[in-house]
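# Summary of structural features
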Amino acid sequence: MVRRKNTTTLRITASYVVLMVFSLVALYPVWQIFNISLRPSDRLLSTSLELIPANASFGNYSALFTERPFLLWMLNSTFIALTVTLTGVALASTCGYAFSRYSFIGKKIGLLSLLVTQMFPATMLLLPMYIMLVQLHLVNSYLGIVIMYSATALPFCIWQMKGYYDTIPTSLEEAGKIDGCNEFQTFVRIIFPLAAPALVITALFSFMSAWTEYVVAAQILQDTELWTLPLGLKSFESNMGSEWGLYGAASVIVTIPVVVLFLSLSRWLVSGLTLGSVKE
Amino acid sequence: MQSQTLRHRIYLFILVAPAFVVLFGVVIYPFFYNIVLSLSNMNLRHIRDWRIIGFGQYIKVFTEPSQPDFYVVFLKTVIWTVVNLFFHVVLGVFLALVLNQKEIRGKAIFRAILVLPWAVPQLIVALTWRGMFNYEYGSINLMLTQWFNIPGVQWLRHPLEAFIAVIITNVWLGFPFMMVIALGALQSIPHDLYEASDIDGASWYHKLRHITLPLIRPVMVPAITLGTIWTFNNLNIVWLVSNAGEPSDQTHLLVSFVYKAAFNFYRYGYGAALSMVIFFILLVFSLTFMRKSKATQNVYS
Amino acid sequence: MNARTALRIAVAFLSVTLAVVAVTTLDSCGTGRDHRVRLTIWHQDRIDIRVILQRQLDRFMQLHPEVRVEQLFKETEELRSGFIIAALAGQGPEIVYGPADQVGPFEIMKIILPLEEVFPKDWLAQFDPRGLTWYKGHLYQVADKLGNHLTLVYNKKLVPVPPRTDEELIRIGKTLTADLNGDGKTDRYGLTWNYTEPFFFIPFMTGFGGWIMDDAGNPTLNSRGTVDGLKFIKRLRDEEKIIPNEADYNVADILFKDGNAGMIVNGDWSWAGYQKAGLDIGVAPLPLITSTGLWCAPMVSPKGFSLNANISEEKKAWALELIRFLMSAENQMESARELYTMPTHMQVQQSDFVQQNDILRNSRIQIDRGRSLPVVPELRAIWDAMRPSYQAVLAGTMTPERAAEEMQLLALRRIKEMNE
């Protein structure tokens, strides 16, 4: 028993060391970006290991909001990302469920075709995609971009939902049937809540696909009033003579909502209220 | 009974159709457009009057001498993909396991910090890494020389070192995603399985090998499959960290060829053919991997 | 599963879709109400130019309330590929602004319009001919700025008098290069620049008598000029040790900004930024190579306006009006004063300010010594062919002689591939 306690202490200590080391590794480059945001006159690099730059200031942060339409980009991006998240969760949770639970004609082909959509280098898709969106009058519209982003995020989300549903025993639905629920009710009341971790991943992934995407947005949104954050950020970068201070500050701010979203969703990602308690 | 199956079909259709309508509405036209382009001679001189010429562009993909060599770049792309995925998955699952222990305090803080590489905008972070790899002023060499007394490495001037540098950067960027997936996947494992094996006195390795890994597989396999596809085609990081292929165009992936062909040299037909080749490589990989990992099957069936 | 449930799901999906559509259409209403003629300019200019352009556009819109002009910044590569994609789909901005080398590919793809008929002859005659880009017998771009050229920028605190010749450059460089904190590593260099882009190699190549292509557009990279230019750079780094071992644009920039390099080879786009960073800079023409008697000559390019081939007749009249407005002496003067850009309007070139300002005067000398940027699309192939060998020489993995050969061979192959 003593030996057991010792190995537990050792394991926990080792775990903390591992977490500390990886946290430092994860943090250092991000700290560098914070550092860039504090430097005056657009210095991307520094020749020393200093953690806080000489004559640091928050001028870049205030400039973002006073001199640039950063708030507008933020609102646009938030709207688009949340719409894509909702669409992603709604479509992937239902579609993934069908792929996990039922057998139907074209199921394997369907699953494979989801992957197929991801295999093509995006570079070559830009021209036909643009031609198509022009025909559909979806250039310079949020509908166009929401559809594009949902289509980008869905394959992973569906596969991921399907994978998670696969780990939920089918006996639960049978139990539900005995209790008098119909197929849809068992799905919504029993299976859906159990898949909370997968829904969190789906939501995060959909959000991130919209929040960070640049190439498609640059081709579709050619009106500055519609600009999203990645487009705004890119406008700080020009071939020679980028505004690295603003870029750094904007990058720091852009990161915060993602971390907050992740933390607030984490409750369901790692909650104990999952299969363990139900399966018993 | 018949109405039962009809209703069932409607139900299935409603579950599956919306996602597929969105997806294929967007993908099908560009896809076929590309197949046509790949069989055409569309380039700078034939941008509007292009015509179908057959498989000429495909032959060029495999036989045209290129700088750097097509097959070398293909090999590098494979190494890049395998090494990245290996570290993403191993680090991601490992950190998820460490974070999932109930004794650890401050999990939220660690989770928040560890997810940062995924959350931060890629362009600036890639350029920051490039700066960190600078021979004289980069923090990596400064740390090596000042703290460990190891001579600095000329990261960006030699092909192997530059390749390692881009891989390090991408491993850093990619592990949080796999960690998040693995954290979710771990929740699907019933606690009683562990308790039962504790009573049997099973070692942690035994539990990892026989409980944890098999049970997170259904969630991890799609992430790994798609992770492979994305990494294979991930132009950005390599392009930014190596500053478009430094040193001397040695640091490229196959997609760099597509990008350069289409955007620098206006060779759209060739670029489309190369895209199709990449597509088939990934298709063969996915089919094999899915068959081996039984991804389309339910674990409990 | 009963029909009612199925119906409920269907309704749920439909309402989500409708909500999305509703919000989107609502959103586009804001722009839909505007009945003004809408013009868009795509450009690739940095922020201080954008600010001045916006000021000028605002003035134009005040003069013409029935027009709304929007400027859109795109990064160089993206401007080009994005414009090609949009124009091939029958869309795109009415006006595209940038360096003259985009004229070549755009003309071949027939996505820009000839301008010699639409502007009056006497109006065109007001401008420096170098600002009017003709290609295959037609005028395709009218420029309001001349330059985009490299010069020698020096920190006056460290370099009171700039070098005139390569020998002076080395002498001054040697006095500057020093290990200031005594750790055995050089902390301050005489000179620096971006080693990774062949654009920065051009002045060294021309200083030794080389050039990238002949008049027919054939590459001439395997030349004495290339070899000697490369040798000269190697000498600066390995023998004279006045330039750093490794530098890309950002490294060179930070070295100069921090006072860790006394001089930098950088373009007209960088001057205002260095002043903003608090440096007391001077601009000097690049030095004379004594052994050849030739000046190091950078590439010089006009930056100007072209018209999208998809433009409607109604918008075309306004777009021409706008270009004439932006090219006016008054507006060119404004840019010259604030950004030290070289105007193309002769009257502005002759103005006291342009003639007497120290930076502009030296910039002018450099422009007159420079070589024009070729407009042909083959230029892309040349850059791409030069890059790997140039980098390999600086990495010490290739001899200058071999590099010149490789550049030439690769350029020939790339050009053949492009034009097949």
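Each value, and the rule that gives it
- Once a new chain begins, its residue numbering starts again from 1 and follows that chain's sequence as written.
- Numbering of ligands from 1 and lettering of chains from A proceed in the order in which they are written.
- Restriction of local features to residues with pLDDT of at least 70 applies here, the model being predicted, together with a cutoff of 80 or more for giving and counting side-chain atom pairs; totals for whole chains, interfaces and linings are based on all residues.
- Per the convention used, a helix needs a DSSP run of H or I reaching at least four residues, while a strand needs a run of E reaching at least two, with both numbered from the N terminus.
- With C-beta atoms placed from the backbone, a residue is buried if 20 or more other C-beta atoms are within 10 Å of its own, exposed if 12 or fewer are, and partly exposed between those counts.
- By the convention adopted here, residues make contact when the C-beta atoms placed from their backbones lie within 7 Å.
- Each residue gets one of three labels, nonpolar for Ala, Val, Leu, Ile, Met, Phe, Trp, Tyr, Cys and Pro, charged for Asp, Glu, Lys and Arg, and polar for the others, Gly among them.
- Only when DSSP finds a minimum of two bridges between them are two strands counted as paired.
- Here, axes are lines fitted to C-alpha atoms. For helices the fit covers the stretch in contact, and angles between N-to-C directions go from 0 to 180 degrees.
- Think of it as the arc spanned by the lines of direction from the helix axis to the C-beta atoms.
- Per the annotation, domain bounds derive from an automatic or database assignment of domains.
- Roughly parallel means an angle under 35 degrees; roughly antiparallel, over 145; roughly perpendicular, 65 to 115; everything else is oblique.
- Note: crossing handedness is left-handed where the near helix turns anticlockwise from the far helix by less than a right angle, and right-handed where it turns clockwise.
- The length a helix should cover is 1.5 Å for every residue beyond the first.
- The nonpolar core is taken to be a set of buried Ala, Val, Leu, Ile, Met, Phe, Trp, Tyr and Cys residues joined by way of C-beta atoms within 7 Å.
- As a per-residue measure, pLDDT tells how confident the predictor is, with possible values from 0 to 100.

### Looking at the overall build of chain B
Broken down by element type, chain B carries 13 helices and 0 strands. For chain B, the N- to C-terminal ordering of α and β elements is α-α-α-α-α-α-α-α-α-α-α-α-α. For chain B, the C-alpha atoms occupy an extent of roughly 80 × 75 × 30 Å along the three principal directions. Taking all 301 residues of chain B together, the buried fraction comes to 49%.

### Quick look at the overall build of chain C
Counting its regular elements, chain C contains 17 helices and 14 strands. Expressed along its principal axes, the backbone C-alpha trace of chain C runs to roughly 85 × 70 × 50 Å. Expressed as a percentage of the 420 residues in chain C, the buried residues total 50%. When contacts within chain C are restricted to residue pairs at least 6 apart in sequence, those whose partners lie at least 24 apart make up 74%.

### Concerning the interface of chain B and chain A
Counting residues at the interface gives 78 residues for chain B, matched by 81 residues for chain A. If one sorts the elements of the side of chain B that touches chain A by residue count, helix α1 (residues 2-38) of chain B sits on top with 15 residues. Of the residues belonging to the side of chain B that touches chain A, the class tally is 59 nonpolar, 16 polar and 3 charged.

### Description of the sheet that holds strand β7 (residues 189-192) of chain C
Residues and elements named next belong to chain C. Strand order in the open sheet formed by 4 strands is β7-β8-β6-β9, and the pairing between neighbours is mixed. Each end of this open sheet is capped by a strand with a single partner; those strands are β7 and β9 (281-284). Ignoring which end each strand starts from, the neighbouring axes of this sheet average 20 degrees apart. Where strand β6 (residues 150-155) and β9 come together, 4 bridges link them in antiparallel fashion. Counted as the bridge partner of N155 is I281 from β9. Against the sheet, helix α15 (residues 358-369) makes contact with β6 and β9, and its axis sits at roughly 25 degrees relative to β9, the strand it touches most.

### Considering the pairing of strand β4 (residues 132-135) of chain C
Residue and element names in this part refer to chain C. Two strands pair when backbone bridges link them, and β4 and strand β5 (residues 138-147) are joined in this way by 4 bridges, in the antiparallel orientation. Across the sheet, the residue bridging to T133 is Q141, located in β5. Adjacent in sequence and paired antiparallel, β4 and β5 are bridged by 2 residues, among which K136 carries a positive phi angle near 50 degrees.

### Focus on helix α6 (residues 166-176) of chain C
All of the buried residues in α6(C) are D166(C), L169(C), I172(C) and G173(C). Along the long axis of α6(C), the arc covered by the buried residues comes to 125 degrees, so they all point the same way.

### Here's the deal with unusual backbone geometry
That bond from E246(B) to P247(B) is cis: its omega, -10 degrees, falls within 30 degrees of zero. You can see P247(B) is positioned in the loop between α11 (235-241) and α12 (254-264). Residues other than glycine seldom take positive phi values, yet K241(C) does so here, at roughly 55 degrees. Here K241(C) shows up in the loop between α8 (224-239) and α9 (249-257). Judged by the 16 C-beta atoms lying within 10 Å of it, K241(C) falls in the partly exposed class.

### Description of the domain arrangement of chain C
Residues and elements named next belong to chain C. The domains assigned to chain C are domain 1 (37-147 + 301-372) and domain 2 (150-297 + 377-419). Put simply, the middle of domain 1 and the middle of domain 2, counted by C-alpha atoms, are 29 Å apart. Elements supplying a minimum of two residues to the side of domain 1 that touches domain 2: α4 (103-108) and α15. Examining the composition of the side of domain 1 that touches domain 2, we find that 6 residues originate from one element, α15, more than from any other. By residue class, the composition of the side of domain 1 that touches domain 2 is 6 nonpolar, 7 polar and 5 charged.

### Some details on the environment of A249(A)
Residue and element names in this part refer to chain A. Inspection of the secondary structure assignment puts A249 in helix α12 (residues 244-269). Look at A249 and you get buried, because 26 C-beta atoms sit within 10 Å. Spatially, the C-alpha atoms of A249 and R39 are 9.9 Å apart, while their sequence positions differ by 210 residues. When sequence neighbours within four positions are dropped, the list of residues in contact with A249 reads S37, N60, Y61 and L64.

### Let's talk about the packing of helix α6 (residues 142-166) of chain A against helix α10 (residues 204-232) of chain B
Direction vectors running N to C along α6(A) and α10(B) enclose 160 degrees, while the axes themselves pass 7 Å from each other. By the angle between their directions, the pair α6(A) and α10(B) is classed as roughly antiparallel. The two elements α6(A) and α10(B) cross, and the hand of that crossing is right-handed. Across the interface between the two elements, F156(A), W159(A), Q160(A), G163(A), Y164(A) and D166(A) from α6(A) touch P218(B), V219(B), V221(B), P222(B), A223(B) and L226(B) from α10(B). Of the residues belonging to the contact of α6(A) with α10(B), the class tally is 9 nonpolar, 2 polar and 1 charged.

### Things to note about the interface of chain C and chain B
Counting from both sides, the interface comprises 33 residues of chain C and, opposite them, 29 residues of chain B. Every element with two or more residues in the side of chain C that touches chain B is listed here: α1 (3-32), α3 (76-88), α4, α9, α16 (378-394) and α17 (400-419) of chain C. Element by element, the count of residues in the side of chain C that touches chain B is highest for α16(C), at 7 residues. Here the side of chain C that touches chain B is composed, by residue class, of 18 nonpolar, 6 polar and 9 charged.

### Here we look at α16(C)
All names here are of chain C. Between the first and last C-alpha of α16 there are 25 Å, a value that for 17 residues agrees with the 24 Å anticipated at 1.5 Å per step. In terms of residue burial, α16 counts as a mostly covered element, since 15 of its 17 residues are buried. Once α16 finishes, G396 follows within two positions and takes phi at roughly 80 degrees, a positive value.

### Observations regarding the nonpolar core
Nonpolar side chains tend to gather and get buried jointly when the protein is soluble and globular. The biggest cluster of nonpolar side chains holds 295 residues, and the ones touching the most others in it are L154(A), I158(A), A195(A), L204(A), I181(B) and A182(B). Discounting chain neighbours no more than four positions away, the residues touching I158(A) are A92(A), C95(A), G96(A), F99(A), L114(A) and A19(B).

### Description of the confidence of the model for chain C
With 92% of its residues at a pLDDT of at least 70, chain C reaches an overall mean of 89. The complex prediction reports pTM at 0.88, with the ipTM value standing at 0.88.

### A closer look at the pairing of strand β8 (residues 261-267) of chain C
All names here are of chain C. Of all the 7 residues making up β8, 6 are buried; the element is thus mostly covered by neighbouring parts of the structure. Both β6 and β8 contribute to a ladder of 5 bridges, which runs antiparallel. What sits directly across from L150, in β8, is G267. Strand direction decides the pairing type here: β7 and β8, joined by 3 bridges, are parallel.

### Things to note about the environment of A198(A)
Positionally, A198(A) belongs in helix α9 (residues 196-212). Note on A198(A): 29 C-beta atoms within 10 Å, which makes it buried. Contacts of A198(A), omitting those with residues within four sequence positions, involve Q160(A), M161(A), Y164(A) and G184(B).

### Thoughts on the environment of Q102(C)
All names here are of chain C. Here Q102 lies in the loop between β3 (95-99) and α4. Among the residues examined, Q102 registers 24 C-beta atoms within 10 Å and is labelled buried. Between the C-alpha atoms of Q102 and L221, which are 119 residues apart in sequence, the distance is 22 Å.

### Side note on the packing of helix α3 (residues 70-99) of chain B against helix α8 (residues 159-186) of chain B
A pair of packed helices is captured by two measures, namely the crossing angle of their axes and the spacing between those axes. All names here are of chain B. Contact geometry for α3 and α8: axes closest at 6 Å, N-to-C directions at 40 degrees. Regarding the angle of α3 to α8, the classification is oblique. In this structure, α3 crosses over α8, and the sense of that crossing is right-handed. Taken together, the residues of the contact of α3 with α8 sort by class into 19 nonpolar, 5 polar and 1 charged.

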